[in-house]
Amino acid sequence: MTDAPRLTHLDDSGAAHMVDVGDKAVTSRTAIAEGSVTMKPETLALIRDGLAKKGDVVATARIAGIMAAKKTHELIPLCHPLLLTKVTLDVEIDETLPGLRLRALARVSGQTGVEMEALTAVSVACLTVYDMAKAVDRGMVIGGIRLLEKSGGKSGEWRAE
């Protein structure tokens, strides 16, 4: 046996499988992910001023992100269904991009982490911003989607550099 890191979703023969978390301790687990949508300054002004034709872009993106986190196990084949205890989606206007910076937090008291739920929340929120503003700016760029930090479980704390 080796102590080298290995992909947990592959069994000894290399076949994909769902990890058995049944013997893991139930702990409080949190993950935070971020992403951004860069756009024309005029597009950002429409969103900021609440003038987008489809409605409130920020509120809709927030709800979409929260809903997506709750459905992560339906989208990512080997994710466990989780009873999330908290999901938040914060959206910040950043004139320097110009665009929106989005940050999702997911929390659970369970036997597996919530990194995928936080990443799914921020990804779908970014896609929702694009969908709601694409009529005026098809050149928007979604980027920077990444895990910022996670806590809980056997591996403990982790923060992006």
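Source: prediction; values computed, not measured. (Residues numbered from 1 in each chain as written. Predicted model: local features only at pLDDT ≥ 70, side-chain atom pairs only at ≥ 80, totals over all residues. Heavy atoms only, no water.)

(A) Spotlight on the overall build of the chain. When you go through the chain residue by residue, the secondary structure sums to four helices and five strands. Element order for the chain, N to C, with α for helix and β for strand: β-α-α-α-β-β-α-β-β. Here the chain holds 161 residues, and the buried ones make up 37% of them. For the chain, long-range pairs separated by at least 24 residues make up 70% of all intrachain contacts whose partners lie at least 6 apart in sequence. Accessible surface for the chain amounts to roughly 9,600 Å². Of this, 56% is attributable to carbon and sulfur atoms. (Helix = DSSP H or I, 4+ residues; strand = E, 2+ residues; numbered from the N terminus. Buried < 20%, exposed > 50% of the residue type's maximum accessible area, 1.4 Å probe, protein only. Contact = heavy atoms within 4.5 Å. Areas by Shrake-Rupley, 256 points an atom, 1.4 Å probe, with all protein chains shown as cover.)

(B) Quick look at the sheet that holds strand β4 (residues 141-151). Ordered by their spatial adjacency, five strands build an open sheet running β2-β3-β1-β4-β5, and the pairing between neighbours is antiparallel. Looking at the sheet topology across the chains shown, the edges are occupied by β2 (84-94) and β5 (158-159). Of the strand pairs in this sheet, β4 and β5 are connected by two bridges, and their pairing is antiparallel. Opposite Glu 149, over in β5, you have Arg 159 as the bridge partner. The strands touched by helix α4 (residues 115-133) within the sheet are β1 (27-38), β2, β3 (99-110) and β4, with β1 carrying the most contacts at an inclination of about 25 degrees. (Pairing = 2+ DSSP bridges. Axes fitted to C-alpha atoms, helices over the stretch in contact; angles between N-to-C directions.)

(C) Quick peek at helix α1 (residues 41-48). For α1, the set of buried residues is Thr 43, Leu 44 and Ile 47. Looking straight down α1, one finds that the buried residues subtend no more than 100 degrees of arc, so they occupy a single side. The outward face of α1, more than 90 degrees from its buried face, is lined by the exposed residues Pro 41 and Glu 42. Of the surrounding elements, those touching the buried residues of α1 are α2 (57-70), β2, β3 and α4. Backbone geometry just downstream of α1 places Gly 50 in the positive-phi region, at approximately 70 degrees. (Arc of directions from axis to C-beta.)

(D) Fine view of the environment of Arg 103. Of note, Arg 103 is situated in strand β3. With 20 residues separating them in the primary sequence, Arg 103 and Ser 123 have C-alpha atoms 9.8 Å apart. Those residues in contact with Arg 103 that lie beyond four places of it in its chain are Ile 32, Ala 33, Glu 34, Thr 88, Leu 89, Asp 90, Val 122 and Leu 148.

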